[in-house]
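# Geometric and topological summary
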Protein chains: 2
Amino acid sequence: MKQFINPLESEWKSILKRPTFSFKELEPLVENVFSDVKAKGDTALYDYTLKFDKVSLNSFRVEESDFIEAEKNISPELKLAIKLAKNNIEVFHRAQQTQKVSLETQPGVLCWQEKRPIKKVGLYIPGGSAPLFSTLLMLAVPAQIAGCKEIILCTPPDENGSIPDVILYTAKLCGLTQIFKLGGIQAIAAMTFGTETIPEVYKIFGPGNQYVTVAKQIATQHQIAIDMPAGPSELLVVADRTANPAYIASDLLSQAEHGADSQVILVTTFYPLLELVKKEIDLQIKLLPRQEIAKQAIKNSRMVSFETNEETIQFINQYGPEHYIICMEEEQLYVDQIVNAGSVFIGNFTPESAGDYASGTNHTLPTNGYAKQYSGVNLDSFLKQMTFQKISKKGIQNIGPAIELMAEAEGLEAHKNAVSIRLKDLKK
Amino acid sequence: MKQFINPLESEWKSILKRPTFSFKELEPLVENVFSDVKAKGDTALYDYTLKFDKVSLNSFRVEESDFIEAEKNISPELKLAIKLAKNNIEVFHRAQQTQKVSLETQPGVLCWQEKRPIKKVGLYIPGGSAPLFSTLLMLAVPAQIAGCKEIILCTPPDENGSIPDVILYTAKLCGLTQIFKLGGIQAIAAMTFGTETIPEVYKIFGPGNQYVTVAKQIATQHQIAIDMPAGPSELLVVADRTANPAYIASDLLSQAEHGADSQVILVTTFYPLLELVKKEIDLQIKLLPRQEIAKQAIKNSRMVSFETNEETIQFINQYGPEHYIICMEEEQLYVDQIVNAGSVFIGNFTPESAGDYASGTNHTLPTNGYAKQYSGVNLDSFLKQMTFQKISKKGIQNIGPAIELMAEAEGLEAHKNAVSIRLKDLKK
């Protein structure tokens, strides 16, 4: 990890530079798959599953018997752990429900705002070595609380045509019924256009590799919304002498094991901490099964020390970390002044892992600096806000003349006339 | 307007087809302007302003003296009208403020969600024949309530280098101070990258022509968020024998005058209404200054009658109108069952114009079918939701074992270790 002591503000931009990546070269491939799936439906899906996932399926749909089989293979301890996590996520997202906002802005002018669920949503869970059932909890639980009518899950089959048991168990636990063994670009394309088997959806959620990332981008050109733009995962820890170097190292490494492109940053106002944490990283990294990945990520990461809280906070806000751990004596200051961050972890006993799995907050968060303008996934991600207005005769008499004047000033005579024609009748 | 009596469901898709439009061919031009602005800053802005807006400026910034001059030229009546509208918009958007959501998901595991403002936002108001000061109200008022620190306004100068007085007056009234005479692609590029004069922003709001639409799309490839995807404006009216044909015609025409590509749709369960409204349209359209535009839009529009409420509602939800007027005896049914709509106008005395200007609801709404998955602009559009968690020693002992099990099952050993290392210390 590169160390920077009291860097000048003019250097921050280069210190905080994220790995840039562009998948422009994948676009032609993705667009091909999209047009095939649009034109040929299921047939294209079977072909691409054979081509990319190396398996020939007879059906994409997971059957009831698959769930029953899967459940048998999950240990009671893991089941309890998943239920505990699900319960906390449920409690936290249920608390995000809001009442409708309703008021008379003027006598006779009743306006209200209500949230209604997005009817059809698609969840994507990647395959590969690690079955991300935690991500499934993070997406399926709020989708259910929001009341989305159709919740589709696509996740790729392995070479035997199976989906990991723990994904099936979690899906069932969350009440999902429409689960498809379908991955990659073809899954995103199927949910975009709909096929004989796969229903089309209005919004697609979930992580994925570079192909899925590009596919989700392309989906947005076909009237589909997506949860948020993708980027490598990242963690920034701010710590001082009250922090525990071994804990910090464990947190930085938990982020680093995600991928070689993960970013981890340590910022401190207590500069000896840099060496202490470095030593701990060197010790702990050797014990990790994914140490090769972690080493790559650590190599690209940064340690920075500042002398003042002011500079430190400004630096953190300029970065806008996805995950932000605060282990500072003056923790309240750091909580109050953070403007750009996805999820915030406070104190020595709040590792990022807690939010990744079980505290109840959502782990689908804006990365790559998008914390400056995007929220993480939350209950509202599955809802739309709609507005309503009901105006009485008295009400239109109250605001009508103002509308007439404004419409006229904007040169929109028909807008004016829609009011005038009503006001005229009311004068009779 | 084409009429359809009891169309079969299989025909709905073609009846409800929106004008498709693709601006792919504008992308090279837009990308050129973007790279020029990125490379040359203000110099490029001056050049493009001369090229596209035919005016040579010495400065983009609107000065205090410009505001004072502008205010003198607005009639007292229009000032009062704008103030009334602003007040209603303010009251309605202020009511959308929420408290932080905070709870212990388990003993010792405190989680909360807070909204914090997007620090830097850019508002774009197009120029041209109609000075859209109403849109400025719709964007600046919630931006101020949200507490956005920097609110930039860009709007193109006319050939004399001026901005309409009513735009300046409204901007000042909303407390804006950073206003720039800058339009089109170059304005969006400037707010994306920042130049010597124009600050960069994190999110860009506001309507525009096809160049601005493409520029906003391109901006999203440079870490900028935008309010929502653009499309032609549209209105769907559902009405029965209790509706007033002249009022309906006036509403349809108010939408039609926006542009030749505007869509207006009338749906009814009382089929004689189709002819009655058609006659009224023919009468009223002749009196409109923008009748040529309205005629085009009306030509592409649809009148549909159904026999049942059920079919009617299903048809409306399939369309997902931006604006939705309900003039039905059974209005509550139509309110309760609408799932996809931007803003809803209820009853004979609630013309769309009311929401366009002064009822208090926002008029920046999802069009082109995006009401299925997007909200209109509202207070939350200027905020981000962030989550926080603070876990005590007791708390991590409560949820730690579950996290360890889940991390292990996902093959993420470092995630597990971040918990184990803490639990081990607590056992000592």
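See the structure above.
Let me sum up the structure you'll find in this document. What you see is a predicted model, and the numbers here were worked out from it, not measured in a lab.

### Regarding the overall build of chain A
A tally of regular secondary structure across chain A gives 17 helices and 14 strands. By its C-alpha atoms, chain A is 90 × 60 × 45 Å across when sized along the principal axes. Looking at chain A residue by residue over its 428 residues, the buried ones come to 62%. Sequence-distant contacts in chain A: of pairs separated by 6 or more residues, those separated by 24 or more amount to 74%. Of the roughly 16300 Å² of accessible surface on chain A, a fraction of 50% belongs to carbon and sulfur atoms. With 43 positive and 50 negative side-chain charges, chain A shows a spacing of 8 Å between the two charge centroids.

### A word on the side chain of B:Ser359
By the element assignment, B:Ser359 lies in the loop between helix H15 (352–357) and strand E14 (383–391). Classification of B:Ser359 as buried rests on a relative accessible area of 0%. A polar side-chain atom of B:Ser359 sits 2.7 Å from a polar atom in the side chain of A:Gln389. A polar atom in the side chain of B:Ser359 sits 3.4 Å from the side chain of B:Thr361. When sequence neighbours within four positions are dropped, the list of residues in contact with B:Ser359 reads A:Thr105, A:Val109, A:Cys111, A:Gln389, A:Ile391, A:Ile399, B:Asn88 and B:Ala354.

### Side note on the interface of chain A and chain B
Listed as interface residues are 120 residues of chain A and, on the opposing side, 120 residues of chain B. For the pair chain A and chain B, the summed buried surface comes to about 10200 Å²; carbon and sulfur atoms form 60% of the total. At the junction of chain A with chain B, the criterion picks out four salt bridges. Here B:Asp251 and A:Arg422 are joined by a salt bridge, their closest N and O atoms 2.7 Å apart. Applying the counting rule to chain A against chain B returns 79 residue pairs in polar contact (both at pLDDT 80 or more). For the side of chain A that touches chain B, the residue count by class is 61 nonpolar, 41 polar and 18 charged. Judged from the four bridges that link them, strand E13 (residues 343–346) of chain A and E14(B) form a sheet pairing that is parallel. Across the sheet, the residue bridging to A:Ser343 is B:Thr387, located in E14(B).

### A short note on the relation of the copies chain A and chain B
Aligned on chain B, chain A shows an RMSD of 0.0 Å; the corresponding rotation is 180° and the shift along the axis is 0.0 Å. Look at the turn and shift together and you get a two-fold axis relating the two. No C-alpha of chain A approaches the rotation axis more nearly than that of A:Thr98, which lies at 4.3 Å. Here 100% of the interface residues in chain A have copies in chain B that are interface residues too; the copies meet face to matching face.

### A look at helix H12 (residues 291–299) of chain B
Residue and element names in this part refer to chain B. The set of residues buried in H12 consists of Gln291, Ala294, Ala297 and Ile298. Along the axis of H12, the buried positions cluster into a sector of 120°, meaning they face one direction only. Facing away from the buried side of H12, by more than 90 degrees, are the exposed residues Glu292 and Lys299. Here the buried face of H12 lies against helix H10 (245–256), strand E10 (263–268) and helix H11 (272–285).

### Concerning the pairing of strand E6 (residues 178–181) of chain B
All names here are of chain B. Side chains Gln178 and Phe180 of E6 all project onto a buried face; the interleaved residues Ile179 and Lys181 project onto the opposite face, where all are buried too. When strand E5 (residues 150–155) meets E6, the two strands line up parallel, connected through four bridges. When the bridges of E6 are listed, Ile152 appears paired with Gln178. As a crossover connection, the stretch from E5 through helix H7 (residues 165–173) into E6 is right-handed.

Basis of the calculations
- Residues numbered from 1 in each chain as written.
- Chains lettered and ligands numbered in written order.
- Predicted model: local features only at pLDDT ≥ 70, side-chain atom pairs only at ≥ 80, totals over all residues.
- Heavy atoms only, no water.
- Helix = DSSP H or I, 4+ residues; strand = E, 2+ residues; numbered from the N terminus.
- Buried < 20%, exposed > 50% of the residue type's maximum accessible area, 1.4 Å probe, protein only.
- Contact = heavy atoms within 4.5 Å.
- Areas by Shrake-Rupley, 256 points an atom, 1.4 Å probe, with all protein chains shown as cover.
- Lys, Arg positive; Asp, Glu negative; His and termini not counted.
- Charge placed at Lys NZ, Arg CZ, Asp CG, Glu CD.
- Polar contact = N/O pair within 3.5 Å; in protein donor to acceptor, adjacent residues only side chain to side chain.
- Buried area = accessible area lost by both parts, 1.4 Å probe.
- Salt bridge = Lys/Arg side-chain N within 4 Å of Asp/Glu carboxyl O.
- Nonpolar A, V, L, I, M, F, W, Y, C, P; charged D, E, K, R; others polar.
- Pairing = 2+ DSSP bridges.
- Least-squares fit on C-alpha atoms with pLDDT ≥ 70 in both.
- Arc of directions from axis to C-beta.
- Right-handed = clockwise from strand over helix to strand, strands pointing away.

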